[in-house]
Number of protein chains: 2
Amino acid sequence: MDNSIQNKKPSESDKDKASYDLLMLDNQLCFSLYVCSKEIIKKYKNLLDPYSLTYTGYIIMMALWEKDDVTVKDLGKRLYLDSGTLTPMLKKLEALEYIKRIRSSSDERNVYIQLAPKGIDLKQKALCIPESLICNLDLDPKYAGGLLEALHKMMHRLEETTDSSID
Amino acid sequence: MDNSIQNKKPSESDKDKASYDLLMLDNQLCFSLYVCSKEIIKKYKNLLDPYSLTYTGYIIMMALWEKDDVTVKDLGKRLYLDSGTLTPMLKKLEALEYIKRIRSSSDERNVYIQLAPKGIDLKQKALCIPESLICNLDLDPKYAGGLLEALHKMMHRLEETTDSSID
DNA sequence: TTAAATTAAATTGCAAACAATTTAGTGAGT
DNA sequence: ACTCACTAAATTGTTTGCAATTTAATTTAA
């Protein structure tokens, strides 16, 4: 329970014990991240269904509400998604008339994503979503802030690391 | 950047502004969890490939190294996975000779999962995996402990919540 | 003892995500 | 002008994961 990841006291117990502790499920940071993200996304489902949005569709819309008229590549960079995921997703959002996909005439390789009227309207309706969810999570606000900060730091570090220490 | 989730100062700015902030991508706890977990799992890939394990296979093995001879249902509860995911996964691990799947004779609905010799051996080889990864993440140990604690709390809260506030 | 309800695992179908490749458009060097 | 390298998006194929259903075994109730 309380054998968190840093409790590697090499003082008295043997080194092997410490290694084994790292293997313990409870110590696995990634596992917690993985479970939490999956479980929260499941909770989003009920809130997003009325708008025919999946979680991925929702974060795409969020990204656009923040900054409109961006390329697929831009969007992918911000959302950590590649074109293989985005292209079919964006086509679906276009079919729902939330966005428009416009291929640039100056450089036809680029496709710009713009909010359509329905997509702009959706922002108002979507306001209640994070509220419901945070209410549902019932997080201590002070706690949430620290958690978020830690995650952001990790996120950016993960981006930097080009697994040099592996190969 | 620093407009973390609790900065809802209702003192001077209007309430709408606070609602909009909740929609901001950077404020989205779930989004950070989602990205971090995906990115770390990607990093696992290189480390796990030599053993023909995916991340999901790895956490199944970890669960078994902690507690062997458990039912599929037990495993699912601990790993937050259902039989739809586990059954094919366990068949793959069986094909790799890491585990055995044994249907109980006393209650033939239950299938018990046991480590096979190769699966037991694997534990030793797997010791270096969390070490490489934590090294790769380069986390402040004090930081990691707090983060883990916060995630565990959230995990368990998510488990409790049977979305009563939604329907 | 038979019928109904419950349970565990397996199955089916579908959505999401990545890796790897392909297609097409652009820019640079000769 | 023409090749070569590069880039963006789209496509293809595979894996993961969930929801919903099915199958089979067990338990409960009548």
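For the structure itself, look to the data block above.
Residues numbered from 1 in each chain as written. Chains lettered and ligands numbered in written order. Predicted model: local features only at pLDDT ≥ 70, side-chain atom pairs only at ≥ 80, totals over all residues. Heavy atoms only, no water.

(A) Broad picture of the overall build of chain A. Regarding its fold elements, chain A presents eight helices and three strands. Going from N to C terminus, chain A has its helices and strands arranged as α-α-α-β-α-α-β-β-α-α-α. Buried positions account for 47% of the 167 residues belonging to chain A. In the form shown here, chain A has an accessible surface area of approximately 9000 Å², with 51% of it arising from carbon and sulfur atoms. (Helix = DSSP H or I, 4+ residues; strand = E, 2+ residues; numbered from the N terminus. Buried < 20%, exposed > 50% of the residue type's maximum accessible area, 1.4 Å probe, protein only. Areas by Shrake-Rupley, 256 points an atom, 1.4 Å probe, with all protein chains shown as cover.)

(B) Broad picture of unusual backbone geometry. Residues and elements named next belong to chain A. Positioned with a positive phi, Glu97 is a non-glycine residue whose angle comes to about 65°. In this fold, Glu97 is placed in the loop between helix H5 (83-95) and strand S2 (99-103). Overall, the relative accessible area of 46% leaves Glu97 in the partly exposed class.

(C) Geometry of the protein's contact with DNA strand C. Around DNA strand C, the surrounding shell holds 28 residues, and the nearest of these are A:Thr54, A:Thr56, B:Tyr34, B:Lys91 and B:Arg101. Contacts to DNA strand C include B:Val72, whose backbone N or O atom sits 3.2 Å from a phosphate oxygen. Contacts to DNA strand C include B:Lys73, whose backbone N or O atom sits 2.7 Å from a phosphate oxygen. Only H5 of chain A together with helix H2 (29-48), helix H4 (72-79), helix H5 (83-95) and strand S2 (99-103) of chain B provide two or more residues apiece to the surface near DNA strand C. Here the surface near DNA strand C is composed, by residue class, of six nonpolar, 10 polar and 12 charged. (Near = heavy atom within 4 Å. Polar contact = N/O pair within 3.5 Å; in protein donor to acceptor, adjacent residues only side chain to side chain. Nonpolar A, V, L, I, M, F, W, Y, C, P; charged D, E, K, R; others polar.)

(D) A look at the protein's contact with DNA strand D. For DNA strand D, the set of nearby residues contains 28 residues, the closest of which are A:Tyr34, A:Lys73, A:Arg101, B:Thr54 and B:Thr56. Among the atoms of DNA strand D close to the protein, meaning within 4 Å, 81% are from sugar or phosphate groups. The side chain of A:Thr87 places a nitrogen or oxygen atom 2.7 Å from a phosphate oxygen of DNA strand D. Looking at the surface near DNA strand D, the elements with two or more residues in it are helix H2 (29-48), helix H4 (72-79), H5 and S2 of chain A together with H5 of chain B. For the surface near DNA strand D, a count of residues per class yields six nonpolar, 10 polar and 12 charged.

(E) Broad picture of the pattern of salt bridges. Residue and element names in this part refer to chain A. Enumeration according to the criterion identifies 10 salt bridges over all chains in this entry. Here Lys45 and Asp49 are joined by a salt bridge, their closest N and O atoms 3.3 Å apart. Taking the relative accessible area as the measure of exposure, Lys45 reaches 48% and is therefore partly exposed. The shortest N-O distance in the salt bridge between Arg109 and Asp107 comes to 2.8 Å. (Salt bridge = Lys/Arg side-chain N within 4 Å of Asp/Glu carboxyl O.)

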